[in-house]
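Each chain is listed here by its residues.
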Amino acid sequence: MARYTGPQTKIARKFGEAIFGDDKSFERRNYPPGQHGLARKRGKKSEYAVQLMEKQKAKYTYGILEKQFRNLYEKASAASGVTGEILLQLCEARLDNVVYRMGIAPSRRAARQIVSHRHITVNGEVVNIPSYHLKPGDKIAVREKSKSLDVIDRSLSSASAVYEWITWNNDTKEGTFVAVPQRIQIPENIKEQLIVELYNK
């Protein structure tokens, strides 16, 4: 199963944002990676470079590699509506992302592992595909045998974010993907229009 497994802080420093979540190393070294860091003279980026950086930021944020991301873009562009917004909605509707949003996992990378290890059910059936596309009304739950896992308990106890488009019951460890989120409900700092412009070149 292809996924990015390299250093996360280095990537976060490249974009100047903690895109993988809380990161003490990033907070200590909040400047570009490389030998010279802030001292490096960086000229004005070209339009293409800015668009490419935005696409890479989106890919790393959601943990999606190029081929999958391209497929999502083509699906978004074929749908009716604003392509960039639909692209982000498709990313948000991935099972690993919703598991992360519900607080079952502390990060999307951890959520991907929890799903892959068969700890999550969708509508009562075990699903171990992180990229599984959820539809409004789908019920997501922690598998009965996995409800006592420490990693899940720790994550749920520290989760504080609330999203209008999902519900979660901590007692039963079940939730619902209520609706596809609107762009204003997606907190990620991604300029999706730049990604659309890049793919349209």
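Note that the structure is a prediction, hence the values are computed from the model and not measured.

A. Highlighting the environment of glutamate 66. One can find glutamate 66 in helix 4 (residues 66-78). Separated by eleven residues in sequence, glutamate 66 and lysine 55 place their C-alpha atoms 9.5 Å apart. What glutamate 66 contacts, discounting residues up to four positions off in sequence, is Lys55, Lys59 and Tyr199.

B. Broad picture of the pattern of salt bridges. Within the structure shown, the criterion is met by 13 salt bridges. Glutamate 188 serves as the salt-bridge partner of arginine 101, at 2.8 Å between the closest nitrogen and oxygen. In this pair, arginine 101 sits in helix 6 (residues 95-101) while glutamate 188 sits in the loop between strand 5 (174-177) and helix 9 (192-199), placing the two residues 87 residues apart along the sequence. When its relative accessible area of 4% is taken as the criterion, arginine 101 is described as buried. A network of salt bridges, in which partner residues are shared, links Glu92, Arg101, Arg108 and Glu188.

C. Looking closely at the packing of aromatic side chains. By the definition in use, this model includes four aromatic pairs. Residues tyrosine 73 and tyrosine 199 carry aromatic rings whose centres are separated by 4.5 Å and whose planes lie at 25 degrees to one another, so their mutual orientation is stacked. On the criterion of sequence distance, the pair formed by tyrosine 73 in helix 4 and tyrosine 199 in helix 9 is long-range, its members being 126 residues apart. With respect to class, tyrosine 73 is no different from tyrosine 199; both count as buried.

D. Examining unusual backbone geometry more closely. Positive phi, close to 65 degrees, is recorded for arginine 118, a residue that is not glycine. Turning to its location among the elements, arginine 118 is positioned in the loop between helix 7 (108-116) and strand 1 (120-122). Its identity is not glycine, yet asparagine 123 carries a phi of approximately 55 degrees, on the positive side. Note that asparagine 123 resides in the loop between strand 1 and strand 2 (125-126). Exposure remark for asparagine 123: the relative accessible area of 44% places this residue in the partly exposed category.

E. How the structure looks around helix 7. Most of helix 7 is tucked away, with seven of its nine residues classed as buried. Here the buried face of helix 7 lies against helix 3 (47-62), helix 5 (83-92), helix 6, strand 1 and helix 8 (150-158). Looking one or two residues beyond helix 7, the residue adopting positive phi is arginine 118, at roughly 65 degrees.

Criteria and thresholds
Residues numbered from 1 in each chain as written. Predicted model: local features only at pLDDT ≥ 70, side-chain atom pairs only at ≥ 80, totals over all residues. Heavy atoms only, no water. Helix = DSSP H or I, 4+ residues; strand = E, 2+ residues; numbered from the N terminus. Contact = heavy atoms within 4.5 Å. Salt bridge = Lys/Arg side-chain N within 4 Å of Asp/Glu carboxyl O. Buried < 20%, exposed > 50% of the residue type's maximum accessible area, 1.4 Å probe, protein only. Phe/Tyr/Trp six-rings, centres within 6.5 Å; stacked < 30°, edge-to-face > 60°.

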